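Architecture and fold: a report
Take a look at the letters that make up each chain.
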Amino acid sequence: MKPRLLFPATLAATLALTAAADTPPAEQPLTPSGVVESSSPDDWRTPDQDLLLHLRTADGEVIFELNPAFAPAHVKNVQALVAERYFDGLSIVRSQDNYVAQWGDPNAGSEDARPKGKARESLDGEYFRKREGLDYTWIDSRDPYAADVGFYRGFTVGADNARAWLTHCYGALGAGRGMEPDSGSGAELYVVTGHAPRHLDRNVTLLGRAIAGMEHLSSLPRGTGPLGFYETPEEMVQITSIRLGSELPPEERSNLEIMRTDTDTFRNYVRSRTYRKNPWFLDETGSIGVCNVGVPVRAAE
């Protein structure tokens, strides 16, 4: 059978097809993946290996980036604890559903507590810093916990007129403390594994955030004790080691890069997450929470 040739039935149809061919295609809606794919190398930064914390268990590795701009004393103390190999062989002692996972010395406060070596026993809380002096990227968001919210070098930030602080979004790394505000040291750490507990902002020192491997902490079995603490040593997950990236052999170091949050590309990324130009979405919210942006992280090429 010969192929059929289809012709427009009228001159009007012919003209319509010609006009359509001459019309440039409509601009494609901005999507998060499209922004990432169209980014340039200058839109990404490589984190400092001295500020990368590698937590290893039998199940895998979690990588955190530390933030000395907001918690310099705690970052320095954690680095000292890592140098002392303080965390090696300790345990993840708590996994509370929709909240946090926590690790440290199960014998803390007793005669059997592990010595901290050259690290300090306690620190003043670093709950916020002056708003001035850092180049933030603010976003348009109706946030219930802060007058302004945005980003500093990939970290989520809240602020009022005078102060700025890191926010308790998924993956945020904090230093546990007791009732006294100066009772933390970084020897007891926790990470947010559930819905953002923003009521903790400015009440606990945040010193970093997870940039890879969070699935190894968010999927831990939930503790059966109060607040999700494990009740027996058998339930606890042993920490194989915690190392700074700079301590690792070159072949074991991270090759991750993080999208810069002070660029037009990142602003486009936030817009693409705010206005979902996707046929699946029936109703665009036109708004976004700071914890829902999700700064892109990728392996360097």
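The following paragraphs examine the structure supplied in this document. Sequence order as written defines residue numbering, which begins from 1 separately in each chain. Only residues with pLDDT of at least 70 get local features here, since the model is predicted, and only at 80 or more are side-chain atom pairs given and counted; chain-wide, interface and lining totals rely on the full set of residues. Think of the side-chain values as coming from all heavy atoms in the structure, minus any hydrogens and water.

Bringing the state of the cysteines into the picture now. Working definition: a disulfide is two cysteine sulfur atoms within 2.5 Å of each other. Applying the stated rule across the entire model yields one disulfide. Paired by a disulfide, Cys 169 and Cys 291 hold their sulfur atoms 2.0 Å apart. Across the disulfide from Cys 169 to Cys 291, rotation about the S-S bond amounts to roughly -75 degrees, and the bridge is consequently left-handed. Of this pair, Cys 169 sits in the loop between β10 (163-166) and β11 (172-175) while Cys 291 sits in the loop between α5 (264-274) and β16 (297-299), placing them 122 residues apart in sequence. Secondary structure elements are taken from DSSP: a helix is a run of H or I of four residues or more, a strand is a run of E of two residues or more, and numbering for both begins at the N terminus.

On the basis of which strands lie adjacent, the closed barrel formed by eight strands has the order β2-β3-β13-β11-β12-β5-β4-β14 and antiparallel pairing. Averaged over neighbouring strand pairs, the angle between their axes works out to 35 degrees when direction is ignored. For two strands to be treated as a pair, DSSP must find at least two bridges joining them. Where β11 and strand β12 (residues 189-192) come together, three bridges link them in antiparallel fashion. Residue pairing across strands places Leu 173 opposite Val 191, the latter belonging to β12. Lines fitted to C-alpha atoms define the axes here, with helix axes fitted over just the stretch in contact, and angles between the N-to-C directions of these axes take values from 0 to 180 degrees.

By convention, a stacked pair of Phe, Tyr or Trp rings (six-membered ring in the case of Trp) has centres within 6.5 Å and planes under 30 degrees apart, an edge-to-face pair has planes over 60 apart, and any other such pair is tilted. This model, assessed by the stated rule, comprises eight aromatic pairs. Measuring from centroid to centroid gives 5.1 Å for Phe 151 and Phe 266, while their planes differ by 75 degrees, and the two rings are edge-to-face. In this pair, Phe 151 sits in strand β8 (residues 148-152) while Phe 266 sits in helix α5, placing the two residues 115 residues apart along the sequence. When the ring of Phe 266 is compared with that of Tyr 269, the centres are 6.3 Å apart and the planes differ by 25 degrees; the resulting orientation is stacked. With a gap of three residues between them, Phe 266 and Tyr 269 both fall in helix α5, about one helical turn apart. A simple rule labels every residue: compare its accessible area, found with a 1.4 Å probe on the protein chains alone, to the largest value its type can have, and call it buried under 20%, exposed over 50%, or partly exposed in between. Among the residues examined, Phe 266 registers a relative accessible area of 0% and is labelled buried. Through a chain of ring-to-ring contacts, the aromatic side chains of Phe 70, Tyr 136, Trp 138 and Tyr 152 assemble into a single cluster. Whether a charge sits over a ring comes down to the Lys NZ or Arg CZ being within 6 Å of the ring centre and within 35 degrees of the ring normal. Between Arg 202 and the ring centre of Trp 165, over which it is positioned, the NZ or CZ distance is 4.4 Å.

Take α5 next. Residues of α5 that are buried include every one of Thr 265, Phe 266, Tyr 269, Val 270, Ser 272 and Thr 274, and no others. Residues count as neighbours in contact if any of their non-hydrogen atoms are within 4.5 Å of one another. Where α5 is buried, its residues touch α2 (32-37), β7 (137-139), β8 and β15 (256-259).

Here we come to the pairing of strand β4 (residues 91-95). Of all five residues making up β4, five are buried, and the element is well covered by its neighbours. With four bridges joining them, β4 and strand β5 (residues 100-104) adopt antiparallel strand pairing. Note that in β5 the partner of Ile 92 across the bridge is Trp 103. Where β4 hands over to β5, the hairpin turn is made up of four residues, of which Asn 98 adopts a positive phi near 60 degrees.

The residue Ala 210 is located in strand β13 (residues 205-212) in this model. Judged by relative accessible area, which is 12%, Ala 210 ranks as buried. For the pair Ala 210 and Ala 69, spaced 141 residues apart in the sequence, the C-alpha separation amounts to 17 Å. When sequence neighbours within four positions are dropped, the list of residues in contact with Ala 210 reads Val 62, Ile 63, Phe 64 and Gly 171.

Moving on: the side chain of Arg 45. Along the chain, Arg 45 turns up in strand β1 (residues 44-45). Polar contact is the term for a pair of N or O atoms within 3.5 Å; when the atoms are in protein, one must be able to donate a hydrogen and the other to accept it, and sequence-neighboring residues count only if both atoms are side-chain atoms. Of the polar contacts made by the side chain of Arg 45, one reaches the side chain of Glu 65; its length is 3.0 Å. A distance of 2.7 Å separates the side chain of Arg 45 from the backbone oxygen of Arg 153, its partner in a polar contact. Not counting chain neighbours up to four residues away, the residues in contact with Arg 45 comprise Glu 65, Arg 153, Phe 155, Glu 257, Ile 258 and Arg 260.

The subject of this paragraph is the pattern of salt bridges. Salt bridge criterion: a side-chain nitrogen from Lys or Arg within 4 Å of a carboxyl oxygen from Asp or Glu. Tallied over the full model, the rule gives 14 salt bridges. In this structure, Arg 85 engages Glu 247 in a salt bridge whose closest nitrogen and oxygen atoms are separated by 2.9 Å. In this pair, Arg 85 sits in the loop between α3 (72-83) and β4 while Glu 247 sits in the loop between β14 (237-244) and β15, placing the two residues 162 residues apart along the sequence. Take Glu 247: its relative accessible area is 33%, and that puts it in the partly exposed class.

Limitation: the analysis is restricted to geometry and does not speak to function.
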